[in-house]
Protein chains: 2
Amino acid sequence: MADATPPQPTGAARTRRPGSTDVARLAGVSQKTVSRVLNGEPYVKDEVRDRVLRAVEELGYRRNNVARALNSGRTRRIGLVSLGTALYGPSTLLVALERATRSTGYSLSVVNTIEDDPGGVAGAVDHLIEQGVDGIVLSEPIDEGDDTPLKIDLPVLSFGRFPGLQAEPILTTGGDGVAAGRTATEHLLSLGHRTVWHIAGPQRWWAARDRLDGWRQALAAAGAAEPPVLEGDWTPASGYQAGRKLAADPDVTAVFVANDDMSIGLMRALTEAGRSVPDEISIVGFDDIPSAEYLSPPLTTIPQDFDAFAADGLARLVQEIEAPTGAHSPEPDPLSFRLVVRQSTAIPPSTRRRSGAPRSPRTPKKSTPTR
Amino acid sequence: MADATPPQPTGAARTRRPGSTDVARLAGVSQKTVSRVLNGEPYVKDEVRDRVLRAVEELGYRRNNVARALNSGRTRRIGLVSLGTALYGPSTLLVALERATRSTGYSLSVVNTIEDDPGGVAGAVDHLIEQGVDGIVLSEPIDEGDDTPLKIDLPVLSFGRFPGLQAEPILTTGGDGVAAGRTATEHLLSLGHRTVWHIAGPQRWWAARDRLDGWRQALAAAGAAEPPVLEGDWTPASGYQAGRKLAADPDVTAVFVANDDMSIGLMRALTEAGRSVPDEISIVGFDDIPSAEYLSPPLTTIPQDFDAFAADGLARLVQEIEAPTGAHSPEPDPLSFRLVVRQSTAIPPSTRRRSGAPRSPRTPKKSTPTR
DNA sequence: TTGATCTCTGACTACGTAGACAACATTCTT
DNA sequence: AAGAATGTTGTCTACGTAGTCAGAGATCAA
């Protein structure tokens, strides 16, 4: 209740944001009591609490989280390392992560890794750590090809496996990409295709490798020949490039494409070459972008439930931050994928000739979740 | 050089990150001198500087930006308020903003506004201010319909106009959406279409209103009749819904769609109805999403240069933060748009009948930037 | 030689919050 | 009614950095 503050500049324009001491002075209590009220601590008389809250209101006081962070050593902020791309997957994941982060009371700082970035992921992580984050999310594990492992002394959440990552607790979330690749390929094989071609994502991405592995496994299990892999960079343009090659090969009847955007490029290349989808060539994509259902033909694809990944992963990350178990609690089983069958996949031409009636693939039909 | 520190727990696991005082002790200097070295201040002997740097190295010391922020009152962090969607525009802008932010030495915190968010944009802004940001970016100005204006006492960068926003300095960037809407519409009119239909974006978005205004202006200037406006929500699904209506109307020969995703839905609806693009109906989209060039037919559209918007806007925002001019420096002219003509637009059927030879629109042709 | 100036360094302090602890008031036990 | 338990509030301090100011040593001018 000491009011004997040194003479302060009363006249001049004081734009400084009010602090808890200002509130305290106005309410006639100590700064500590203001702190207590704001933190909902017990042992504050109702009358005092009201007085403080009124002062808070009057001054438009807001807690200074920077000061709280300095004091507590924790910022309640999560750092996200994302690739500097606006690809559907990463973008959607980012949005989902922000939602999940905020629902836990944390906030989100984003840093991109750009292709020609000095430091790459490690540099991005450094930047975040210097900013002060309590945990880190690596949204797109990629293999940067450098020998030195990435070492982080903070809890880390990785979407999909990330070999070469060393961190205190490493949490992993995301679906089982290998199984997804298998599912896509098996669907095509089950339609009667002799084998399935694959337009892969960039192999620096572990997610792309997983899908490719799944494709390989499915082919091997079916005893199907493994055609050469075409590698794209997730963009429609790269799918188009790959499509030019595939269109020229009459053996190709089925293609599993590592994402929907490349599928669009592929479909364009096939259309230009006069090869019909799905009459001559079947396509399965990956992601289920919003427009997948509205392409011509609507695309059979595998959706990824980024919201679920983000919510699950972030909840565990925050828990690890607030109550470090140290002992890595057992990772939950990866979420399973489902296949949305639309109209870009059909029985191969040869089979159809034998089996008679070629059904019209143009019939508008609602998408059918499998599994 | 006081070494008489109180007895500290030497044996136990001390995981605490080293501070400048630890560096100072190791280097045998004062904490202040460490600070001087790290800030590149003059008046430090080379020999001392080296000693400090070696100590920094040895301890793996990193500056604590939280403490610096508390001390300086500035966090060197920009807050981004984004809508909780993974739409192409916002996502791309986000990536561009992060890049721009980091290049200025700042970092980026992201908060989403979700549809059913309590507080909406105001709530998101509050969250950011409490986190401590030096400036705010509003990436998608929308009209929340509440009477109370949004009041922010920090520098704000808005992408496109944002009526109802009150802030110290308000900076604006982004192209002239009205002009863009005009350009798209004029292109269709110049091909000979009697009038142009419009599938608009959600009218809560000021950007959507601008495009609609541009469309209106172009029609009025040409003395063309103004058909009823169809309003979508940016998604392919909403474009499809609108497309069902348009497909049923034989008068429709040209449509300006407020973004590419809705164009995809529209094209699907037309395809299902057996109406050909561009032979019967011409379409102009907006955004130039990566797949626009690979649709069937490749889409005529208006690209937005988000990188330029972000770089320009952020540079000015940071300058305003670091050297407040107060006096709003004159806003630069909005960047101009260009139209990328592909194969979704053509001469209307009636005109073609009169003018003879219907050229094949299927000819693969590289996109042609105009203007 | 005596200031005067410049170079270099350290002590003290503020920034805003919350933890540790102390002090005093009130209520409950026996 | 004395002592214990509990409720309520305040003082002091740390968190890590950098600004202010003082002081010591070195160099320079007259």
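Residues numbered from 1 in each chain as written. Chains lettered and ligands numbered in written order. Predicted model: local features only at pLDDT ≥ 70, side-chain atom pairs only at ≥ 80, totals over all residues.

**Regarding the protein's contact with DNA strand D**
Here is the rule: Only the C-beta atom, placed from the backbone, is used; a residue is near a molecule or strand if that atom lies within 6 Å of it. Under the scheme applied here, ten amino acids are nonpolar (Ala, Val, Leu, Ile, Met, Phe, Trp, Tyr, Cys and Pro), four are charged (Asp, Glu, Lys and Arg), and all others, including Gly, are polar.
Taken together, 27 residues surround DNA strand D, and among them Thr33 of chain A together with Gly19, Ser20, Asn64 and Ala67 of chain B come closest. Here the surface near DNA strand D is built from residues that sort into 10 nonpolar, 11 polar and 6 charged.

**A word on the interface of chain B and chain A**
Put simply, the rule reads: For every residue pair, C-beta atoms are placed from the backbone, and the pair is scored as a contact if these atoms sit within 7 Å. Think of it this way: any DSSP run of H or I at least four residues long counts as a helix, any run of E at least two long counts as a strand, and we number them from the N terminus. If DSSP finds at least two bridges between two strands, the strands pair.
Every contact between the two is made by 44 residues of chain B and, on the other side, 45 residues of chain A. Elements that contribute at least two residues to the side of chain B that touches chain A include exactly helix 4 (65-72), helix 5 (88-103), strand 2 (107-113), helix 6 (120-131), helix 9 (236-247) and helix 10 (260-272) of chain B. Ranked by residue count, the leading element in the side of chain B that touches chain A is helix 5 of chain B, at 7 residues. A per-class count over the side of chain B that touches chain A returns 18 nonpolar, 17 polar and 9 charged. Sheet topology places strand 2 (residues 107-113) of chain A next to strand 2 of chain B; 3 bridges connect them, and they run antiparallel. Considered in strand 2 of chain B, the bridge of Leu108 of chain A is made with Val110 of chain B.

**Observations regarding the relation of the copies chain B and chain A**
This is how it is decided: Residues reaching a pLDDT of at least 70 in both copies supply the C-alpha atoms on which the copies are superposed by least squares.
For the pair chain B and chain A, the relating rotation is 180°, the translation along its axis is 0.1 Å, and the fit reaches an RMSD of 0.2 Å. Taken together, these values place the two copies in the relation of a two-fold axis. Using C-alpha coordinates, one finds that chain B approaches the rotation axis most closely at Ser109 of chain B, a distance of 2.1 Å. The share of interface residues of chain B whose copies in chain A are also at the interface is 100%, consistent with both copies meeting through the same surface.

**Overview of the nonpolar core**
Basically, it comes down to this: Any set of buried Ala, Val, Leu, Ile, Met, Phe, Trp, Tyr and Cys residues joined through C-beta atoms within 7 Å is what this text calls a nonpolar core. Partly exposed residues are those whose C-beta has more than 12 but fewer than 20 other C-beta atoms within 10 Å; with 20 or more the residue is buried, with 12 or fewer it is exposed, and the C-beta atoms are placed from the backbone.
Val255 and Leu266 of chain A together with Val255 and Leu266 of chain B are the most contacted members of the largest nonpolar core, which totals 164 residues. Grouped together as the second largest cluster of nonpolar side chains are 10 residues, Ala27, Val29, Val34 and Ala55 of chain A included.

**Observations concerning the protein's contact with DNA strand C**
Taken together, 27 residues lie near DNA strand C, and Gly19, Ser20, Ser35 and Asn64 of chain A together with Thr33 of chain B sit nearest. Those elements that place two or more of their residues in the surface near DNA strand C are helix 1 (20-27), helix 2 (31-38) and helix 4 (65-72) of chain A together with helix 2 (31-38) and helix 4 of chain B. For the surface near DNA strand C, the residue count by class is 10 nonpolar, 11 polar and 6 charged.

**A closer look at the domain arrangement of chain A**
The criterion, for reference: Throughout the structure description, domain borders are defined by an automatic or database domain assignment.
What the domain assignment reports for chain A is domain 1 (13-63), domain 2 (70-168 + 304-336) and domain 3 (177-302 + 337-369). Distance from the C-alpha centre of domain 1 of chain A to the C-alpha centre of domain 2 of chain A: 36 Å.

**Remarks on the UniProt feature "domain: HTH lacI-type" (unreviewed entry) in chain A**
Stated precisely, the cut-off is as follows: UniProt positions are given in the numbering used here, feature names are shortened, and annotations may be inferred rather than shown by experiment.
The positions that UniProt labels "domain: HTH lacI-type" (unreviewed entry) are, in the present scheme, residues 18-72 of chain A. Spanning residues 18-72 of chain A, this segment combines 69% helix with 0% strand, and its end C-alpha atoms are found 21 Å apart.

**Details of the sheet that holds strand 7 (residues 170-173) of chain A**
Selection rule: To get an axis, fit a line to the C-alpha atoms, keeping to the stretch in contact for a helix; angles then go from 0 to 180 degrees between the N-to-C directions.
Strand order across the open sheet formed by 10 strands is 7(A)-5(A)-3(A)-1(A)-2(A)-2(B)-1(B)-3(B)-5(B)-7(B), with mixed pairing between neighbours. Taken across any chain shown, the strands that pair with only one partner, and hence form the sheet edges, are strand 7 of chain A together with strand 7 (170-173) of chain B. If you compare each strand with its neighbour and ignore which way they point, the axes differ by 25° on average. Packed onto the sheet, helix 6 (residues 120-131) of chain A meets strand 1 (77-83), strand 2 and strand 3 (135-138) of chain A together with strand 2 of chain B and runs at close to 150° relative to strand 2 of chain A.

**Comments concerning helix 10 (residues 260-272) of chain A**
Residues and elements named next belong to chain A. Defined as follows: Expected span of a helix, by definition, is 1.5 Å for each gap between consecutive residues, and there is one gap fewer than residues.
Helix length check: helix 10 (13 residues) gives 18 Å between terminal C-alpha atoms against 18 Å at 1.5 Å per residue, within 8%. Counting buried positions along helix 10 gives 12 out of 13 residues, so the element sits mostly inside the fold. Those residues of helix 10 not exposed but buried are Asp260, Asp261, Met262, Ser263, Ile264, Gly265, Leu266, Met267, Arg268, Ala269, Leu270 and Thr271. Looking at the packing, one finds that the buried side of helix 10 touches helix 5 (88-103), strand 8 (197-200), helix 9 (236-247), strand 10 (254-257) and strand 11 (282-284). Two residues or fewer after helix 10 comes Gly274, characterised by a positive phi angle close to 75°.

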